[in-house]
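Okay, here's what each chain looks like letter by letter:
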Amino acid sequence: MEIWINPACSKCRSAVQLLDAEGAEYTVRRYLEDVPSPDEIRTVLDRLGLEPWDITRTQEADAKELGLKKWPREAGSRERWISALAEHPKLIQRPIITADDGTAVVGRTDEAVRDALGR
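Throughout, a residue's number is its position along its own chain's written sequence, starting from 1. For this predicted model, a pLDDT threshold of at least 70 governs which residues receive local features, and a threshold of 80 or more governs which side-chain atom pairs are given and counted, while totals over whole chains, interfaces and linings are taken from all residues. With hydrogens and water set aside, each side-chain value is computed from the structure's full complement of heavy atoms.

Participant: Mind laying out the overall build of the protein, listing which residues take part and the relevant values?
Facilitator: Only DSSP runs of H or I with at least four residues qualify as helices, and only runs of E with at least two residues qualify as strands; both kinds are numbered from the N terminus onward. If you tally the helices and strands in the protein, you get five helices and four strands. Relative to the compact-globule value of 14 Å for 119 residues, the protein shows a C-alpha radius of gyration of 14 Å, a close match. Along the longest, intermediate and shortest principal axes, the C-alpha atoms of the protein span 40 × 25 × 25 Å. For accessible areas, the Shrake-Rupley method is used with a probe of radius 1.4 Å. Any residue's cover is judged against the shown protein chains and nothing else. Summed over its atoms, the accessible surface of the protein is roughly 6,400 Å², and 43% of this surface lies on carbon and sulfur atoms. In this charge count, Lys and Arg are treated as positive and Asp and Glu as negative; neither His nor the chain ends contribute. Lys charges are placed at NZ, Arg charges at CZ, Asp charges at CG and Glu charges at CD. Seen as two clouds, the 18 positive and the 22 negative side-chain charges of the protein have centres 7 Å apart. Atoms considered for the radius of gyration are the C-alpha atoms alone. The globule rule reads 2.2 Å times the number of residues to the power 0.38.

The following block contains the structure:
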């Protein structure tokens, strides 16, 4: 199991605390320092069953600067979104937990973190 976190994020810290309390074995990836490649983002999206716009933090300054809210949310724009996430990792929703069964969850709630633990 791996968790992508920003240590400054309270949701990330809560998820790590819950994983620790449950005795989970996991690896921490500080994704702002160890930026995921476009291929890694594609893999995580597949595991999540989501599209890149579904995990994009559109309220971030970078998102506003790029004008992401106006970008099309369609298959033809998918690679443009993935490139933006790879170039601006702050835009990636957090934390993301990749579960042992090959799936992933966005662990913003205790329920979602527990869901990842049960997989």
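Participant: Before we move on, could you go through the side chain of Arg78 and cite the residues and values that matter?
Facilitator: Relative to the elements of secondary structure, Arg78 occurs in helix α4 (residues 78–87). With a relative accessible area of 18%, Arg78 lands in the buried category. Burial classes follow relative accessibility: with a 1.4 Å probe on protein chains only, a residue under 20% of its type's maximum area counts as buried, one over 50% as exposed, and anything between as partly exposed.

Participant: Any chance you could break down the confidence of the model for the protein for me, citing the residues and the numbers?
Facilitator: By definition, pLDDT measures how confident the predictor is in each residue, and it falls between 0 and 100. Chain-level statistics for the protein give a pLDDT mean of 96 and a share of 100% at 70 or above. Of all the helices and strands in the protein, helix α5 (residues 110–117) carries the lowest mean pLDDT, 93, while α4 carries the highest, 98.

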